[in-house]
Amino acid sequence: MNERVIPWQPTVIAGPKQALLVTPETAEMMLKKAKRPLMIMGPLIKESSALPFAVLIAEKRNIPIVSTGDMFKTLNESDIKSKPYGVVEIVNLLKDPDWGGINGEGQHDLVLFIGVIYYIGSQGLSTLKHFAPHLKTLTLCKFFHSNADASFPNMKDEEWIKYLEKLAE
Amino acid sequence: MTPKNKPKEFKNDFWKSKNFKVSIGEIVENKEGETAPESMGPTPKPNITDLRSWDMKLLERYEPFYAPFCDMCCLCTFGKCDLTGKKGACGIDIQAQQARIVLLACCIGTAAHAGHGRHMVDHLIGKYGADFPIDLGMNIDIEAPLTRTIIGKKPKTLSDLEEVLSYTEEQLSHLLSACHTGQEGSSLDFESKALHAGLMDDLAREAGDLAQIVALGMPKGDENAPLIEMGLGTIDSKKPVVLCIGHNVVPGAGIMDYMEDHGLEEDVEVCGICCAAIDISRYNKAAKVVGPLSKQLKFIRSGVADVIVVDEQCIRTDVLEEAVKNKAAVIATTDKMCLGLPDLTDQDADEIVSKLVCREIDGALILDPEKVGEVATRVAMKIADERENLKILPDLDEIQEMAKECTECGWCVRVCPNGKPMMDAVVAAGKGDFSTFVELYEYDTCYSCGRCEQECERELPLMSMITKVGEHYIKDQKYNMRAGRGPVQDIEIRKVGAPIVLGDIPGVIAFVGCSNYPEGGLEVAKMAEEFLERNYIVVTTGCGAMSIGEYRDEEGKTLYEKYGGEFDAKGLVNMGSCVSNAHVSGACIKIANIFAQKPLEGNFEEIADYILNRVGACGVAWGAYSQKAAAIATGVNRWGIPAVIGPHGSKYRRLYLGRTDKKEKWNLNDLRSGEVVEGEPAPEHLLYAAENRGEATVMIAKLCIRPNDTSKGRQIKLNQYIDLHRKYFGTIPDDISKFIRNEKDIPITYKKDVMNMLEETGWEPRALPQEPSTMAFREKAKGK
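In the nomenclature of an unreviewed UniProt entry, chain B is known as Acetyl-CoA decarbonylase/synthase complex subunit alpha of Methanobacterium bryantii. Heading Catalytic activity (unreviewed entry) of the UniProt record for chain B holds this comment: "CO + 2 oxidized [2Fe-2S]-[ferredoxin] + H2O = 2 reduced [2Fe-2S]-[ferredoxin] + CO2 + 2 H(+)". Quoted verbatim from the Sequence similarities (unreviewed entry) field of UniProt, the annotation for chain B is "Belongs to the Ni-containing carbon monoxide dehydrogenase family."

As recorded in an unreviewed UniProt entry, chain A goes by Acetyl-CoA decarbonylase/synthase complex subunit epsilon and comes from Methanobacterium bryantii. A UniProt comment under Subunit (unreviewed entry) is attached to chain A, and it reads "Heterotetramer of two alpha and two epsilon subunits. The ACDS complex is made up of alpha, epsilon, beta, gamma and delta subunits with a probable stoichiometry of (alpha(2)epsilon(2))(4)-beta(8)-(gamma(1)delta(1))(8)." Here is the UniProt Sequence similarities (unreviewed entry) comment for chain A, exactly as written: "Belongs to the CdhB family."

Encoded structure:
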């Protein structure tokens, strides 16, 4: 199997259904198609050079940001607006088709994940895979997430930044 | 019928010390001819469905959140069945399957504690007799709050604990049977059964710990339990060393007895890992604590132990293989773990010693704890000299040469449960820089599961390398941990019951559980320190208690040296091992009984309702890994105590999360006024997995809020919540308005900011419930 599509932690394989491997171009298409996307940003990219690109991706398209763990503080200190939730809390809300969404405009139809700790992120993606047929998930981490609907491949930092840069253009 | 309150005001030390017998109220006789209180509640010895209505109330508010760890069911030959959007061949769906696996996990955990308790109670009855009294001394009158509430009976002797275990075993059998293919089909009913399994687990733990406390003379709620030596640096490797691993104190006690009887205390080192360590040190303070579970492989690889005695639970199943590598002998001691070793229980001790010393066998199964004591000690004394070279650490040059073999494939990092930088550590070590190895070693940041080593394409002994580097740099680790004191005294509950219920003490935080930490044990100690400094009561057990002991503050003091062991604000209460977790629920139950005079016997729902709505307690299992931890958390949840687990806890597949956006879910019955009142999300969640320490710390403070808080108490709790939110998130939390009932609830320090926020959200004051309850209204309250 292509190493790029083996989950970063190979033991998270849950069953036969695996994420679609995407490039920045395919990710862009998913974003264009989405009406109410949401970005979930976790603490793993607090000190990463990926952070400004992730913020740009969201700001360029007016995508609201949910910050997980204690990521809110990092974003807030840079005047980047986000809403803090525990990753399990926001996933719990996302699986409810009747939830009004982060801005009260209706449930989201595409959720982007970046920077959430890999294994708890994988668990959240598994929840959405099973219990949220009303939305798609896309991960922008440098790790392949098999429980998402679509995921970037396993990459080294340099390639990852290029991927994000393209998506932020 | 509303049970009458039992009179409690005469239950104090004076009456007991004078041996006065006070009889108040009517006593009725039960079927067995024993006296039973008239106030027996509705559910003594509840069967699975007897508390189902309570469970459904909890589950309605705290809906199960499922995160499937596996999409498949592989339990029967219909399958494997892929449950992604489909049902299995038996008809089960993914929700019910997740709930079934959680029930199974809880049954496994409960069986581990019940089996452990059964083993111990049977042994102690054999040794001390069935009539050995359950007496916890002058200050503990409510000696078994769980047994009293669930069974409806005060246990007086060891044989009463046997009855408790028989009931638990019976329930467990029914619960496990529900996991069979073609039985339960509802996820909510699976959850109700899991909650029942958790309750049985709590009960079994109480029976186990009571038995060992009374029969083995462990501390009986003593806030001044002795400080125990802890850490690798406390173990004199020049002496013969016996290492005990597991949870069952009986074989370890056998070793301590043999040494004492033969005057060998100064000649042989006895140390322990995991709960066996804590319990042996409760039994005899000469026993030394190596540390939590995360020390296991590292310590075995260090070669310091001459004889490894394993009992049950949380032991590496390859312990024999690992021991053979450095010629340590293994003694298995319980039916739970025989390791393929020959059963030599009936052989003469001389013969067994001879076989082990001559390496005729690598280990032995010995089911007689006294014989274990003799054989382990004698073998250690005989083989220690020839093993001397195995305890000497190689030069770091050798590690450096090994490290140069690394091909930098990176798979050690990918298979690491925490993605720790093992490859970077090896690459740096190849260049003579051992600092990353040291970082991984300290506070068990690498908890030495050994997955990296199994994956290494050059077969580098990574665990041995990290052990040896760690020991070179941090070999003098010496700490103190307060020996497990057991339950909270009634007198302490009398003192702090009101401040806890009314909110003057911001909360009781219990750091329990295993050492599968995302960032090492330091995080647990830091959380404990944070809450101690903020006037909370901090209780601890098991691996959490040991991790807290491995940290020193800026003055060089461990938290056990800095804070007293009393159950009071700023107290750090080490209750003991995992089985001692029963005393956490026990303390909450005692508050309901001693402070609020709620009758215990057979009165589960009223007690749990009281705890849920009034006792600001929160459990934290930051490194929860085992099925026992799943059962423990589920057990405390049924009592109405929320728990926060670490990010790995998401792999338990199920959490209980509240929804603050659904206001109607938080309505309460005010039993005093007979009205339904608007409540608040307090506690907001029942089982919550946090991603990192900052998030966990803020959530823990929030989960201590209860509907019953007085305005002063609410102010104190909100002050802590806001403070911590500001520290870890930088702002006042935007859900603060949900917890402010009227202006009196607003913390003075933040009054202006909070008032501004309230104005923005269109907040309006609401009434404080006088007697908040999740239970149905009583007839009287309805005015009928």
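Next comes the rest of the description.
Q: What exactly am I supposed to notice about the overall build of chain A here?
A: The helix and strand tally for chain A stands at 6 helices and 7 strands. Listing the helices and strands of chain A from first to last along the sequence gives β-α-β-α-β-α-β-α-β-α-β-β-α. The 169 residues of chain A split such that 64% are buried. Of the contacts formed within chain A by residues at least 6 apart in sequence, a portion of 66% connects residues at least 24 apart. When the accessible area of chain A is evaluated, it comes to approximately 6,900 Å², of which 52% is carbon and sulfur surface. Separation between the mean location of the 19 positive side-chain charges and that of the 19 negative ones in chain A comes to 5 Å.

Q: For this particular structure, what's the right way to read the overall build of chain B?
A: Secondary structure assignment for chain B yields 28 helices and 23 strands. Taking 784 residues into account, the globule formula puts the C-alpha radius of gyration at 28 Å, and chain B, at 26 Å, falls close to it. Dimensions along the principal axes, computed over C-alpha positions, put chain B at roughly 80 × 65 × 60 Å. Here chain B holds 784 residues, and 64% of them are scored as buried.

Q: In this structure, what is going on with the UniProt feature "binding site: [4Fe-4S] cluster 2" (unreviewed entry) in chain B? I would like to understand it.
A: All names here are of chain B. This chain's UniProt record puts "binding site: [4Fe-4S] cluster 2" (unreviewed entry) on Cys-73, Cys-76, Cys-81 and Cys-90. In sequence the annotated residues extend across 18 residues, while in space they remain close, none of their C-alpha pairs exceeding 10.2 Å. Assignment of secondary structure puts Cys-73 in strand β4 (residues 72–73). Structurally, Cys-90 is set in the loop between β5 (81–82) and α3 (94–128).

Q: What should I look at first to understand the packing of aromatic side chains in this one?
A: The geometry of an aromatic ring pair is captured by the separation of the ring centres together with the interplanar angle, meaning the angle of the planes. All names here are of chain B. Under the criterion given, the structure shown has 9 aromatic pairs over all chains. Seen in terms of ring centroids, Tyr-62 and Trp-666 are 5.9 Å apart; in terms of plane orientation they differ by 75°. Their pairing is edge-to-face. One end of the pair, Tyr-62, is in the loop between α2 (52–61) and β3 (63–66); the other, Trp-666, is in the loop between β19 (654–657) and β20 (668–670), and 604 residues separate them in sequence. Neither Tyr-62 nor Trp-666 differs from the other in exposure class; each is buried. Considering the side-chain rings of Phe-531 and Tyr-536, the 4.8 Å spacing of their centres and the 80° angle between planes classify their relative orientation as edge-to-face. Considered together, Phe-531 and Tyr-536 belong to a single accessibility category, that of buried residues. In this structure, Lys-298 is placed above the aromatic ring of Tyr-441, and the distance from its NZ or CZ to the ring centre is 5.0 Å.

Q: Sorry, what's going on with the UniProt feature "binding site: [4Fe-4S] cluster 3" (unreviewed entry) in chain B here?
A: All names here are of chain B. The feature "binding site: [4Fe-4S] cluster 3" (unreviewed entry), as annotated in UniProt, sits at Cys-406, Cys-409, Cys-412 and Cys-456 in this numbering. What stands out for the annotated residues spanning 51 residues is how close their C-alpha atoms remain, the widest pair being 10.5 Å apart. Structurally, the position occupied by Cys-409 is in the loop between α13 (396–403) and α14 (411–415). The partly exposed category is assigned to Cys-409, whose relative accessible area is 36%. Discounting chain neighbours no more than four positions away, the residues touching Cys-409 are Met-423 and Glu-457. Note on placement: Cys-456 falls in the loop between α17 (451–455) and α18 (462–474).

Q: Just to check I follow, could you spell out the nonpolar core for this structure?
A: As a rule of thumb, soluble globular proteins bury nonpolar side chains together. Membership of the largest hydrophobic core comes to 283 residues, with the highest contact counts inside it found for Ile308(B), Phe567(B) and Trp639(B). It is helix α6 (residues 187–216) of chain B that contributes the most residues to this core, 15 residues altogether. Not counting residues within four places of it along the chain, the set of residues in contact with Ile308(B) comprises Leu243(B), Ile245(B), Ile300(B), Val319(B), Ala323(B), Ala328(B), Ala329(B), Val330(B) and Ile331(B). Judged by nonpolar contacts, the second largest core, of 33 residues, contains Ile63(A), Ile65(A), Leu110(A) and Ile114(A).

Q: When you look at helix α6 (residues 157–168) of chain A in this model, what are you seeing that I'm missing?
A: An α-helical segment advances 3.6 residues per turn. Residues three or four places apart therefore align on the same side. Between its first and last C-alpha atoms α6(A) spans 16 Å; for 12 residues at 1.5 Å apiece the expected length is 16 Å, and the two agree. Those residues of α6(A) hidden inside the fold are in contact with α1 (24–33), α2 (51–60) and β5 (110–114) of chain A.

Q: Explain the sheet that holds strand β3 (residues 65–67) of chain A to me, please; I cannot follow it from the model alone.
A: Sheet strands associate in pairs through backbone hydrogen bonding, adopting either a parallel or an antiparallel arrangement. All names here are of chain A. Spatial ordering of the open sheet is given by β1-β7-β6-β5-β2-β3-β4, a layout of 7 strands whose pairing is parallel. Two strands close off the open sheet at either side, each with one partner strand: β1 (20–21) and β4 (83–84). Across the sheet, α2 is in contact with β2 (37–41), β3 and β5; its angle to β2 comes to roughly 160°. Along the sheet face, helix α4 (residues 87–94) touches β2, β3 and β5 and points at about 160° away from the line of β2.

Q: I tried to follow the interface of chain B and chain A on my own but got confused; where do I start?
A: Frequently, the measure chosen for interface size is the accessible area that the parts lose on association. With 51 residues of chain B at the contact, the number on the chain A side is 44 residues. Taking both sides of the interface into account, the surface hidden between chain B and chain A amounts to around 3,600 Å²; carbon and sulfur atoms contribute 55%. A per-residue breakdown of the area chain B buries against chain A is headed by Arg414(B), Glu691(B) and Phe729(B), which together make up 22% of the total. Connecting chain B to chain A are 5 salt bridges. Of the charged contacts in the structure, one is a salt bridge between Glu3(A) and Arg414(B), with a shortest N-O distance of 3.8 Å. The interface formed by chain B and chain A includes 24 residue pairs in polar contact (both at pLDDT 80 or more). Sorting the residues of the side of chain B that touches chain A by element identifies β3, α3, α14, β19, β22 (687–689), α26 (693–702) and α27 (711–729) of chain B as the ones contributing at least two each. Of the residues contributing to the side of chain B that touches chain A, the split by class is 25 nonpolar, 12 polar and 14 charged.

Q: What's the story with the pattern of salt bridges in this structure? I'm lost.
A: Residues and elements named next belong to chain B. Under the defined criterion, the tally for this structure stands at 69 salt bridges over all chains. Across the pair Asp-709 and Lys-717 runs a salt bridge, and its minimum N-O distance is 2.8 Å. Note on Asp-709: relative accessible area 1%, which makes it buried. The network of salt bridges with common partners includes Lys-598, Glu-606, Arg-614, Arg-672 and Glu-771.

Q: Is there a simple way to think about the packing of α6(B) against helix α25 (residues 627–638) of chain B in this case?
A: Packed helices, taken two at a time, are described by the angle their axes make and the gap between the axes. Residues and elements named next belong to chain B. The N-to-C vectors of α6 and α25 enclose an angle of 100°; their axes lie 7 Å apart at closest approach. As the angle between them shows, α6 and α25 are arranged roughly perpendicular. Seen from α6, the contacting residues are Ser-192, Ala-194, Leu-195, His-196, Gly-198, Leu-199, Asp-201, Asp-202 and Arg-205; seen from α25, they are Lys-628, Ala-631, Ile-632, Thr-634, Gly-635, Asn-637 and Arg-638. In the contact of α6 with α25, the residues fall into 5 nonpolar, 6 polar and 5 charged.

Q: Just to check I follow, could you spell out the side chain of Arg638(B) for this structure?
A: Residues and elements named next belong to chain B. Mapped onto the elements of the fold, Arg-638 is located in helix α25. According to the relative accessible area criterion, Arg-638 is buried, its value standing at 0%. Within the structure, Arg-638 has its side chain in polar contact with the side chain of His-196 (distance 2.9 Å).

Q: When you look at the pairing of β2(A) in this model, what are you seeing that I'm missing?
A: Residue and element names in this part refer to chain A. Counted residue by residue, β2 has 5 buried out of 5 residues, so it is predominantly covered. Neither face of β2 is open: one carries Pro-37, Met-39 and Met-41, the other Leu-38 and Ile-40, and all of them are buried. As paired elements, β2 and β5 share 5 bridges and run parallel to each other. Each residue of the ladder has a partner; that of Leu-38, found in β5, is Val-111. Note that β2 and β3 share 3 bridges and pair parallel. In the sheet register, Met-41 faces β3, and the bridge partner there is Ser-67. In this region the chain leaves β2, passes through α2 and returns to the parallel neighbour β3; the handedness of that crossover is right-handed.

Q: Please clarify how the sheet that holds β20(B) should be interpreted in this entry.
A: All names here are of chain B. The strand order across the open sheet built from 3 strands is β21-β20-β23, with neighbouring strands paired in antiparallel fashion. The open sheet terminates on both sides in strands that have one partner only, identified here as β21 (675–677) and β23 (772–773). Across 3 bridges, β20 lies against β21 in antiparallel orientation. Its bridge partner lying in β21, Asp-670 is registered against Glu-675.

About the cut-offs
- All residue numbers here refer to positions counted from 1 along the written sequence of the relevant chain.
- The naming scheme follows written order: chains are lettered A onward, ligands numbered 1 onward.
- Local features in this predicted model are restricted to residues of pLDDT 70 or higher, and side-chain atom pairs are both shown and tallied only at a pLDDT of 80 or more, whereas totals for entire chains, interfaces and linings draw on every residue.
- Each side-chain value is derived from all of the structure's non-hydrogen atoms; neither hydrogens nor water enter the calculation.
- UniProt positions are given in the numbering used here, feature names are shortened, and annotations may be inferred rather than shown by experiment.
- Numbering of helices and strands runs from the N terminus, with a helix taken as a DSSP run of H or I at least four residues long and a strand as a DSSP run of E at least two residues long.
- Exposed residues in this analysis have more than 50% of their type's maximum accessible area, buried residues have under 20%, and partly exposed residues fall in between, with area computed by a 1.4 Å probe over protein chains only.
- Residues count as neighbours in contact if any of their non-hydrogen atoms are within 4.5 Å of one another.
- Only the protein chains shown count as cover for residues, and all accessible areas are computed by the Shrake-Rupley method using a 1.4 Å probe.
- We score Asp and Glu as negative and Lys and Arg as positive, and we do not count His or the chain ends.
- Here the site of a charge means atom NZ of a Lys, CZ of an Arg, CG of an Asp or CD of a Glu.
- Note that the radius of gyration is over C-alpha atoms, with the globule rule given as 2.2 Å times the number of residues to the power 0.38.
- For Phe, Tyr and Trp, where Trp contributes only its six-membered ring, two rings pair if their centres lie within 6.5 Å, and the inter-plane angle classes them as stacked under 30 degrees, edge-to-face over 60, or tilted in between.
- Each ring is checked for a lysine NZ or an arginine CZ that lies within 6 Å of its centre and within 35 degrees of its normal; such an atom marks a charge sitting over the ring.
- Throughout, nonpolar core names a set of buried Ala, Val, Leu, Ile, Met, Phe, Trp, Tyr and Cys residues whose side chains join them through atoms within 4.5 Å.
- The span expected for a helix works out to 1.5 Å for each residue beyond the first.
- By definition, two strands form a pair when at least two bridges between them are found by DSSP.
- Each axis is a line fitted through C-alpha atoms, taken for helices only over the stretch in contact, and angles between the N-to-C directions span 0 to 180 degrees.
- In this description, buried area is defined as the sum, over both parts, of the accessible area (probe of 1.4 Å) that is lost when the two are combined.
- Within this document, salt bridges are pairs made up of a side-chain nitrogen of Lys or Arg and a carboxyl oxygen of Asp or Glu, the two lying within 4 Å of each other.
- Polar contacts, as used here, are pairs of N or O atoms within 3.5 Å; protein pairs need one atom able to donate a hydrogen and one able to accept it. Residues neighboring in sequence count only if both atoms are side-chain atoms.
- Each residue is assigned to one class: nonpolar for Ala, Val, Leu, Ile, Met, Phe, Trp, Tyr, Cys and Pro, charged for Asp, Glu, Lys and Arg, and polar for all the others, Gly among them.
- In what follows, roughly perpendicular refers to angles from 65 to 115 degrees, roughly parallel to angles under 35, roughly antiparallel to angles over 145, and oblique to any angle outside these ranges.
- With the strands pointing away from the viewer, any crossover whose connection runs clockwise from the first strand over the helix to the second is right-handed.

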